[in-house]
Amino acid sequence: MIRLLLTGGTGQVGEALGRLGPFAGAAVEHPSRAELDLARPETVAAAVRRCAAEIVVNCAAYTAVDRAETERASAEAVNASGPGYLADACAARGVPLIHISTDYVFDGSKAGAYVEGDPVAPLGVYGRSKEAGERAVRSAWDRHVILRTSWVYSAHGQNFVKTMLRLAGERSEWGVVDDQVGAPTAADDIAGAVLAIAPQLLEPATARWGTYHYTAEGQVSWHGFARAIVERAAMVTGKRPTVKAIPTSAYPTPVRRPQNSVLDCSKVIAAFAPPRRPWQAGLKDVLDLLLALPKRGAA
């Protein structure tokens, strides 16, 4: 059984890893934030030093994209400096590090899918802090895998899928942008990829260090994703609200989002062959779970 130390265990990917790890033959240790906080370097070094893990997986992140503009110090502490402290601690113990990153390191202006070597050009504090975290990991420890992903959602925590379900219960019509495209990726699928990659990092013949992209298969706009959510929910609720396609200009946000978040995943498939499904399959699993949950207060 492989032993993993997990940061960010209460987040979407962290929760999925903690839940799915034992079924994949992984013993997952996920310290509380009081025990391991990326914004407090002394806790990072101590937690890694005393753990028995063979691999460290960093799922912790400051993910409030718009709020990061006014909470720059918090975003940079967790997303930029913290991964460097973690990589330093891993290097001191000789333990490999898997670090989860994001499509937001790109500006979304490319016409096709992004490959790992494309120039980074983040649009806001969140993206810049995540890109700085990648650089900190690369500088501190060569035995790392940086895994960029996109449009993460799950039945746990707050995310786009849950927001669309809430709106479907409250409104008859609303608009969602149709000129931003990407691959919605279920947290369970990301966890499955990590659990497939991790054991290979312990074998010299299969340990291929570096930066990789991993998302679900296919691509869709936010509007198309919202329509898919509403259509499946309607099978249970009977409600079919109208989701209008709108341009980004009609839904201004403090930070620009990448218009193209599609990531080319051929490199990770060739290196590690992690399981990968169409985005529709992951969405079905999450919606089936969410729509089956009893309402609060129900007997």
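Scroll up to find the structure.
These remarks concern the structure in this document.

Rules behind the numbers
Residues numbered from 1 in each chain as written. Predicted model: local features only at pLDDT ≥ 70, side-chain atom pairs only at ≥ 80, totals over all residues. Heavy atoms only, no water. Pairing = 2+ DSSP bridges. Helix = DSSP H or I, 4+ residues; strand = E, 2+ residues; numbered from the N terminus. Axes fitted to C-alpha atoms, helices over the stretch in contact; angles between N-to-C directions. Phe/Tyr/Trp six-rings, centres within 6.5 Å; stacked < 30°, edge-to-face > 60°. Buried < 20%, exposed > 50% of the residue type's maximum accessible area, 1.4 Å probe, protein only. Parallel < 35°, antiparallel > 145°, perpendicular 65-115°, else oblique. Left-handed = near helix turned anticlockwise from the far one by under 90°. Contact = heavy atoms within 4.5 Å. Nonpolar A, V, L, I, M, F, W, Y, C, P; charged D, E, K, R; others polar. Salt bridge = Lys/Arg side-chain N within 4 Å of Asp/Glu carboxyl O. Core = buried A, V, L, I, M, F, W, Y, C linked by side-chain atoms within 4.5 Å. Expected span 1.5 Å × (residues − 1). Arc of directions from axis to C-beta.

### Things to note about the sheet that holds strand S3 (residues 55-58)
1) Next: With parallel pairing, six strands are arranged side by side in an open sheet as S2-S1-S3-S4-S5-S10. The sheet is open, and its two borders are formed by strand S2 (26-29) and strand S10 (210-213), each paired with just one other strand. Averaged over all neighbouring strand pairs, the angle between strand axes comes to 25°, with direction disregarded.
2) Next: Relative to S3, strand S1 (residues 2-7) is paired through four bridges, and the arrangement is parallel.

### Quick look at the packing of aromatic side chains
1) Next: Tallied over the entire structure, the rule returns nine aromatic pairs.
2) Next: Here the aromatic rings of Tyr-104 and Tyr-126 are separated by 5.4 Å at their centres, their planes lie at 75°, and the arrangement is edge-to-face. Here the residue Tyr-104 occupies a position in the loop between strand S4 (97-102) and helix H4 (125-140), and Tyr-126 occupies one in helix H4, the gap between them amounting to 22 residues. Each member of the pair, Tyr-104 as well as Tyr-126, carries the same accessibility label: buried.
3) Next: Aromatic pair Phe-160 and Trp-222: ring centres 4.7 Å apart, planes at 50°, arrangement tilted. Of the two residues, Phe-160 sits in helix H5 (residues 160-170) while Trp-222 sits in helix H7 (residues 222-237), which places them 62 residues apart along the sequence.

### Thoughts on the packing of helix H3 (residues 72-93) against H4
1) Next: Orientation of H3 relative to H4, taken along the N-to-C sense of each, is 15°, at an axis distance of 8 Å. In terms of their interaxial angle, H3 and H4 are classed as roughly parallel. Handedness of the crossing formed by H3 with H4: right-handed. Where H3 approaches H4, its residues Arg-72, Ala-75, Glu-76, Asn-79, Ala-80, Pro-83, Gly-84, Ala-87, Asp-88 and Ala-91 are matched on the opposing element by Val-125, Tyr-126, Arg-128, Ser-129, Lys-130, Ala-132, Gly-133, Ala-136, Val-137 and Ala-140.
2) Next: Taken together, the residues of the contact of H3 with H4 break down into eleven nonpolar, four polar and five charged.

### Section: the pattern of salt bridges
For side chains bearing opposite charge, pairing can occur when the charged atoms are close.
1) Next: Inspection of the entire model under this criterion finds 17 salt bridges.
2) Next: Across the pair Asp-37 and Arg-33 runs a salt bridge, and its minimum N-O distance is 3.7 Å.
3) Next: Overall, the relative accessible area of 10% leaves Asp-37 in the buried class.
4) Next: Note on Arg-33: relative accessible area 61%, which makes it exposed.
5) Next: One salt bridge connects Glu-134 with Arg-148, and the closest N-O pair in it is separated by 2.8 Å. Residue Glu-134 is located in helix H4, and its partner Arg-148 is located in strand S5 (residues 144-149); the two are separated by 14 residues in the primary sequence. A single burial state applies to Glu-134 and to Arg-148, both of which are buried.
6) Next: Salt bridges here are not isolated pairs; linked through shared partners, they connect Glu-15, Arg-19 and Asp-188.

### Quick word on the nonpolar core
1) Next: Core analysis: the biggest nonpolar cluster contains 30 residues, and Leu-4, Leu-17, Val-57 and Ile-98 have the highest contact counts within it.
2) Next: Contributions of two or more residues to this core are made by S1, helix H1 (12-20), S2, S3, S4, S5, helix H6 (187-197) and helix H8 (266-272).
3) Next: With seven residues, the single largest contributor to this core is H6.
4) Next: In contact with Ile-98, other than residues within four places in its own chain, are Ile-55, Val-56, Val-57, Asn-58, Val-145, Val-194, Ile-197, Ala-198 and Leu-201.
5) Next: Among the nonpolar cores identified, the runner-up in size contains 29 residues, and Leu-38, Val-44, Tyr-62 and Ala-75 belong to it.

### Digging into helix H9 (residues 279-292)
1) Next: Look at H9: 20 Å from first C-alpha to last across 14 residues, which is about the 20 Å you get at 1.5 Å a residue.
2) Next: All of the buried residues in H9 are Trp-279, Gly-282, Leu-283, Val-286, Leu-287 and Leu-290. Angularly, the buried residues of H9 cover 125° about the axis, an arc narrow enough to put them on a single face.
3) Next: On its buried side, H9 packs onto strand S6 (152-153), H5, strand S9 (185-186), H6, strand S11 (220-221) and H7.

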